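Residue-level listing of the chains:
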Amino acid sequence: MSTENLPQSPEQPPRKPRVAVVFGGRSSEHGISVVTAGAVLKAIDRTKYDVLPIGITQDGRWALTADEPERMAIVDRRPPSVDALAESDEGGVILSVDPANREVVYSEPGSVPKALGEVDVVFPVLHGPYGEDGTLQGLLELSGVPYVGAGVLASAVGQDKEYMKRVFTSFGLRVGPYVVVRPREWDQDETAARKKIVDFAGEHGWPLFVKPARAGSSIGITKVDELSGLDEAIAEAQRHDPKILVEAALRGREIECGVLEFEDGPRASAPAEIPTPEAHAYYDFEAKYIDSTPGIVPAPLTPEETAEVQRLAVDAFEAASCEGLVRADFFLTEDNEFVINEINTMPGFTPISMYPQMWQASGVSYPELVDRLVQAALRRSTGLR
């Protein structure tokens, strides 16, 4: 019997790419990561992508969370947490490390594990250690799942301010004076380690900025104006990281520039200037996220200065072998030279954050920014590249 006249089954529409937005994490930047995730979940195009929100609690549990961006905001000066969003106090999300299997499974004690379907790309909006430093990126490489942003090496370099500066110097980018105190130095001879910093201050003058070497969002940073404040600043930095970095203060303007990976390579955004906040000694955590100190976008620079900082931002992106996105932070010194302070491979990504604002001023809206990052991740494979 001929089948030509039988009704044909309609073809199944192609499956939308599935994006796992992973956020929270074990670092002190947990709350800001949750805020960023809320903005991404609100902006991502649900007609184009299926979305799976996965939160990592501060003790490291991967939790299935509510897809409710409105609950992921700072309220009464308190950042949100994954624990408040998790659907269970015990259940865990499991990502296979078999590259042939991208299925995500949800498991609770005493229950049959539930398959949540395959994931095509991960959007990791984690900040700081255990998320932005190459650790999560290494897991995703093992799993064979593409992901937004920098790879293992670039993420590690971008997190460790000492090695970031070493890489930049080797590529001819100018960095400011700094000194590093490693945990072994401090443990073996605390007096000698402290003298190392005091001698550095004698050479470069006060104030100094004492920082955790591997943290971000200005957490754990202290501006030290005189010797009497040094011990407290060291203790605060070591509370977040046993390795500390001490920088000389640079006199000049703070200029930021975003880099975004397009189909034809990385491009730089319109730069922004960060004015000194009136109620803060410098652009610290509260100025950034609680009081939302506004930046000036675009920065009031000459065309030549704008072109130069954009060139340097892309150079920094390439020097660290970055992918996807970077925010590059500079000082424009009194002798009219740009000095790179640091890069951030997963910068603050709320709509009020400087990175999205700089791209908004460059003609790329927040939803388009999210889409371009997901598309860039889908274009490339995991593994050596």
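Treat the numbers as computed from the prediction; the structure is a model and nothing was measured.

1. Some thoughts on the overall build of the protein
Helix and strand counts for the protein stand at twelve helices and 16 strands. A globule of 385 residues ought to have a C-alpha radius of gyration of about 21 Å, and the protein, at 22 Å, matches this closely. Structurally, the protein occupies a C-alpha span of about 95 × 55 × 40 Å along its principal axes. Sequence separation of at least 24 residues holds for 66% of the intrachain contacts in the protein that already meet a minimum separation of 6. Roughly 17700 Å² of accessible area belongs to the protein as shown, and the carbon and sulfur atoms make up 50% of that amount. Separation between the mean location of the 37 positive side-chain charges and that of the 60 negative ones in the protein comes to 1 Å.

2. What to know about the UniProt feature "binding site: Mg(2+) 2" (unreviewed entry) in the protein
UniProt annotation of "binding site: Mg(2+) 2" (unreviewed entry) refers to E342 and N344 when read in the numbering used here. Among the secondary structure elements, E342 is positioned in strand β16 (residues 338–344). Beyond its immediate stretch of four places on either side in the chain, E342 contacts K161, M164, K211, R327, A328 and D329. Its location among the elements puts N344 in strand β16. The class of N344 is buried, set by a relative accessible area of 12%.

3. Regarding unusual backbone geometry
Cis rather than trans, the peptide bond between W206 and P207 has omega equal to 0 degrees. If you trace the backbone, P207 turns up in the loop between α7 (190–204) and β9 (208–212). Positive phi outside glycine occurs at N336, with the angle close to 65 degrees. Its location among the elements puts N336 in the loop between β15 (325–333) and β16.

4. A short note on the pattern of salt bridges
With the rule as written, the count across this model stands at 30 salt bridges. Note that E162 and R166 form a salt bridge whose closest N and O atoms lie 3.0 Å from each other. A residue pair is termed a helical-turn pair when its members lie 3 or 4 positions apart in one helix, as E162 and R166 do in helix α5 (residues 161–170) at four residues. The residue E247 makes a salt bridge to K165 at a minimum N-O spacing of 3.0 Å. Of this pair, E247 sits in strand β11 (residues 244–248) while K165 sits in helix α5, and the two are 82 residues apart along the sequence. With relative accessibility at 2%, the residue K165 sits in the buried group.

5. Some remarks on helix α8 (residues 230–238)
Of the positions making up α8, those classed as buried are L230, A233, I234 and A237. Seen along its axis, α8 keeps its buried residues to an arc of 100 degrees; they face one direction. On its buried face, α8 sits against α6 (183–188), α7, β9, β10 (222–224) and β11.

6. Things to note about the packing of aromatic side chains
The relative placement of two aromatic rings is captured by the distance of their centres and the angle of their planes. Considering all chains together, one arrives at five aromatic pairs under this definition. Centroid distance F262 to W359: 5.8 Å. Interplanar angle 50 degrees. Geometry classified as tilted. In this pair, F262 sits in strand β12 (residues 252–262) while W359 sits in helix α11 (residues 354–361), placing the two residues 97 residues apart along the sequence. A relative accessible area of 7% places F262 in the buried class. In this structure an aromatic cluster arises from ring pairing among F123, F349, Y355 and Y366. Above the plane of the ring of Y163 lies R166, whose end atom (NZ or CZ) is 5.9 Å from the centre. In this structure, R267 is placed above the aromatic ring of F262, and the distance from its NZ or CZ to the ring centre is 4.0 Å.

7. What about the domain arrangement of the protein?
By domain assignment, the protein separates into domain 1 (18–148), domain 2 (158–174 + 251–374) and domain 3 (178–248). On a C-alpha basis, the centres of domain 2 and domain 3 stand 24 Å from each other.

8. Quick look at the environment of E185
Residue placement: E185 occurs in helix α6. For the pair E185 and K243, spaced 58 residues apart in the sequence, the C-alpha separation amounts to 9.4 Å. Dropping the residues within four chain positions of it, E185 is found in contact with V180, E190, A193 and K196. For E185, the side chain forms a polar contact with the main-chain nitrogen of R182, separated by 2.9 Å.

9. Points about the sheet that holds β10
Spatial ordering of the open sheet is given by β8-β11-β9-β10, a layout of four strands whose pairing is antiparallel. Looking at which strands have only one partner, the edges of the open sheet turn out to be β8 (178–181) and β10. In this sheet, neighbouring strand axes are inclined to one another by 25 degrees on average, regardless of whether the strands run parallel or antiparallel. Most of the contacts of α7 go to β8, to which it runs at about 175 degrees, and overall it touches β8, β9 and β11. Across the face of the sheet, α8 comes into contact with β9, β10 and β11 while running at roughly 25 degrees to β9.

10. Notes on the packing of helix α1 (residues 30–43) against helix α12 (residues 366–379)
It is the contact of α1 with α12, at a shortest axis distance of 9 Å, that shows an interaxial angle of 95 degrees. Taken together, the axis directions place α1 and α12 in an arrangement best described as roughly perpendicular. Contact residues: T36, A39, V40 and A43 in α1; Y366, P367 and V370 in α12. Looking at the contact of α1 with α12, its residues break down into six nonpolar, one polar and no charged.

Rules used throughout
- Residues numbered from 1 in each chain as written.
- Predicted model: local features only at pLDDT ≥ 70, side-chain atom pairs only at ≥ 80, totals over all residues.
- Heavy atoms only, no water.
- Helix = DSSP H or I, 4+ residues; strand = E, 2+ residues; numbered from the N terminus.
- Rg over C-alpha atoms; globule rule 2.2 N^0.38 Å.
- Contact = heavy atoms within 4.5 Å.
- Areas by Shrake-Rupley, 256 points an atom, 1.4 Å probe, with all protein chains shown as cover.
- Lys, Arg positive; Asp, Glu negative; His and termini not counted.
- Charge placed at Lys NZ, Arg CZ, Asp CG, Glu CD.
- UniProt positions renumbered as here; feature names shortened; annotations may be inferred.
- Buried < 20%, exposed > 50% of the residue type's maximum accessible area, 1.4 Å probe, protein only.
- Salt bridge = Lys/Arg side-chain N within 4 Å of Asp/Glu carboxyl O.
- Arc of directions from axis to C-beta.
- Phe/Tyr/Trp six-rings, centres within 6.5 Å; stacked < 30°, edge-to-face > 60°.
- Lys NZ or Arg CZ within 6 Å of the ring centre and 35° of its normal.
- Domains from an automatic or database assignment.
- Polar contact = N/O pair within 3.5 Å; in protein donor to acceptor, adjacent residues only side chain to side chain.
- Pairing = 2+ DSSP bridges.
- Axes fitted to C-alpha atoms, helices over the stretch in contact; angles between N-to-C directions.
- Parallel < 35°, antiparallel > 145°, perpendicular 65-115°, else oblique.
- Nonpolar A, V, L, I, M, F, W, Y, C, P; charged D, E, K, R; others polar.

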